[in-house]
Amino acid sequence: TRLLHMATSMTNIHWPRVGTQFMTFAFDFPELATRLDACSSEELDQLDFGVIGFDANTEVNRYNAFESQAAGLSPQRVLGQPLFTNVAPCMNNFMVAQRFDDALEQNSALDETIDYVLTLRMRPVKVALRLLSTPGSTTRYVLVKRQPK
């Protein structure tokens, strides 16, 4: 029961493995896109980093509570909206949007982490962005890890 208590008190999602053993994952977890695809909205809300999932038309279809609170944008305002024009136009550039376009056009995987500064609706905020796209998946992801203050 001690392991279970520790697992439920942590901010990362805990994936059942065998018996009572748990596996956690974080922002830099390998093959994270596949894990995120399998998450429910409630599980995404347990993560300690922002998750923005979007489809081939760049419409946001996944948006977790951490990102909503950090960005000050409600899910109702974000879900169904084009990511790079309505939600985060500050990412509509060669560093972010173009990498997703290139991966989609080449039918190749994308898993890159970049240092970035978010500027929309807030003072500039330093973050790490992890860009994830997997061929055959219907959802691509921008993960946002805010720098400690």
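Residues numbered from 1 in each chain as written. Predicted model: local features only at pLDDT ≥ 70, side-chain atom pairs only at ≥ 80, totals over all residues. Heavy atoms only, no water.

**What about the pattern of salt bridges?**
Thinking step 1. Taken as a whole and assessed by the stated rule, the structure comprises four salt bridges.
Thinking step 2. We note a salt bridge from K145 to D48, for which the minimum N-O separation is 3.8 Å. Taken together, the residues K145 in strand 7 (residues 140–146) and D48 in the loop between helix 3 (41–44) and strand 3 (50–54) connect sequence positions 97 residues apart.
Thinking step 3. The exposure class of D48 is partly exposed, given its relative accessible area of 24%.
Thinking step 4. The residue E112 makes a salt bridge to R99 at a minimum N-O spacing of 3.0 Å. Taken together, the residues span a long stretch of sequence, with E112 in strand 5 (residues 110–118) and R99 in helix 7 (residues 97–106) at a distance of 13 residues. (Salt bridge = Lys/Arg side-chain N within 4 Å of Asp/Glu carboxyl O. Helix = DSSP H or I, 4+ residues; strand = E, 2+ residues; numbered from the N terminus. Buried < 20%, exposed > 50% of the residue type's maximum accessible area, 1.4 Å probe, protein only.)

**Comments concerning the nonpolar core**
For soluble globular proteins, the rule of thumb is that nonpolar side chains tend to be buried together.
Thinking step 1. Judged by nonpolar contacts, the single largest core of 26 residues is most densely connected at L83, M91, V96, L129 and V142.
Thinking step 2. When residues in this core are grouped by element, the largest group, four residues, is from strand 5.
Thinking step 3. Sequence-distant contacts of V96, defined by excluding residues within four places in its chain, comprise F84, M91, I114, Y116, L129 and L131.
Thinking step 4. If you look at the next biggest cluster of nonpolar residues, it comprises 15 residues, including F27, F29, L36 and L132. (Core = buried A, V, L, I, M, F, W, Y, C linked by side-chain atoms within 4.5 Å. Contact = heavy atoms within 4.5 Å.)

**Describing the sheet that holds strand 6 (residues 125–133)**
Thinking step 1. If you walk across this open sheet you meet the five strands as 4-3-7-6-5, and the pairing is antiparallel. Single-partner strands in this sheet number two, and they are strand 4 (60–63) and strand 5. Shown here is a sheet whose adjacent strand axes are inclined to one another by a mean of 20 degrees, direction ignored.
Thinking step 2. With nine bridges connecting them, strand 5 and strand 6 associate as antiparallel partners. The residue of strand 6 that forms the bridge with E112 is L131. (Pairing = 2+ DSSP bridges. Axes fitted to C-alpha atoms, helices over the stretch in contact; angles between N-to-C directions.)

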